[in-house]
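# Breakdown of the fold
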Amino acid sequence: MSSFFNMDSPVMRFLSRVCDLMILNLLCLICCIPIITIGASITALYSVTLKMVKGEETYIVKGFFHALKQNFKISTIIWLILAVVGLILAFDFKATQLFQGNMQKVFRILIGAVSTFYLLLLSYVFPYVARFENTIRNSMKNAILISILNLPYTVAIVLIPILAVLATLINGTTLMYGSLAWILLGISCIALAHSYMFRKVFAKYEPQENEEVIEETEAEAASSLEDSEK
């Protein structure tokens, strides 16, 4: 029984992680309330979850607010751009009702194509900002390119939140319990699941240490040491 309550036991580590995710979820929701800060809040959320999946221990509250402050400007500007583009797409889709026949279908297909790229950008850009330092333009461009180049992961990343929302809306009961789940854990759990995939995707584009250079440097240092001893 004593081993059950040991902080290093699997059960206690799991419960600790659940508590961390609950705190992170509430922080994200609270910081999203002003609406204008949604982008910065999502970026801070992914900054913490990406560190979680890499095994980089961090204080949840401190890490969240540090990332919020660090990426606030770029994340907020990107969020405002995306919000405006999203409103334009919604308005354009509604405006297609003014057309009839083939013309309506053509415009809806065009809007659907643009919306697909918009969804890819929305799914990748904030995790990208959380992991990489870049300009606003390059961050948005790279987010789309990376999402296209990693389609199997992208499909899963897009489907997970969509399926979670649909499951919540099945009936009144699922809506009630689902809403509670979203408030307590939903957003952070999805971000954590995404982060396992983003870790593998982003690893391809992160600068890697050149092991051969390191080994060569160590060999030279050892050789110099031997020469000095002689």
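Here the structure is shown first, and the text comes after it.
A brief look at the structure comes next. Residue positions within a chain follow its written sequence, with the count starting from 1. In view of the model being predicted, local features appear only for residues whose pLDDT reaches at least 70, and side-chain atom pairs are presented and counted only at 80 or more, with totals across whole chains, interfaces and linings using the full set of residues. Side-chain metrics rest on all non-hydrogen atoms present in the structure, leaving aside hydrogens and water.

## With respect to helix 3 (residues 60-70)
Using the following cut-off: Burial classes follow relative accessibility: with a 1.4 Å probe on protein chains only, a residue under 20% of its type's maximum area counts as buried, one over 50% as exposed, and anything between as partly exposed. Helix numbers and strand numbers start at the N terminus; a helix is a DSSP run of H or I with at least 4 residues, a strand a run of E with at least 2. In this context, the arc is that of the directions from the helix axis out to the C-beta atoms. Contacts between residues were defined by any pair of non-hydrogen atoms, one from each residue, lying within 4.5 Å.
All of the buried residues along helix 3 are Ile-60, Gly-63, Phe-64, Ala-67 and Leu-68. Each buried residue of helix 3 sits inside an arc of 135° when the element is viewed along its axis, so together they form one side. Seen from the open side of helix 3, the exposed residues pointing more than 90 degrees away from its buried face are Lys-62, Lys-69 and Gln-70. Buried residues in helix 3 make contact with helix 1 (10-32), helix 2 (38-53) and helix 4 (72-95).

## Some words on the packing of aromatic side chains
To keep things clear, this is the line we draw: When two rings of Phe, Tyr or Trp (its six-membered ring) have centres within 6.5 Å they constitute a pair, described as stacked for plane angles under 30 degrees, edge-to-face for angles over 60, and tilted for the intermediate range.
Across all of its chains, the model carries 8 aromatic pairs by this definition. Their ring planes at 10° and their centres at 4.8 Å tell us that Phe-99 and Phe-107 sit as a pair that is stacked. On the basis of relative accessible area, Phe-99 is assigned to the partly exposed category, the value being 34%. Judged by relative accessible area, which is 32%, Phe-107 ranks as partly exposed. When the centroid spacing of 6.4 Å and the interplanar angle of 80° are considered together, the rings of Tyr-128 and Phe-202 count as edge-to-face. Of the two residues, Tyr-128 is situated in helix 5 (residues 102-131) and Phe-202 in helix 8 (residues 172-203); the sequence distance between them amounts to 74 residues.

## A short note on the layout of surface pockets
Under the convention used in this document: Cavities and pockets are found on a 1 Å grid laid over the protein atoms alone: a cavity is a set of points where a 1.4 Å probe fits but cannot escape, a pocket is an open set with protein on both sides within 12 Å along at least five of seven lines, and a lining residue has an atom within 4 Å of such a point. Grid points are joined across faces, edges and corners, and a volume is the space filled by probe spheres set on the points. Gly is placed with the polar residues, together with every amino acid not listed as nonpolar (Ala, Val, Leu, Ile, Met, Phe, Trp, Tyr, Cys and Pro) or charged (Asp, Glu, Lys and Arg).
The calculated volume of the largest pocket comes to roughly 600 Å³. A per-element tally of the lining of the largest pocket places helix 7 (residues 151-168) first, with 6 residues. Residues that form the lining of the largest pocket fall into these classes: 22 nonpolar, 2 polar and no charged.

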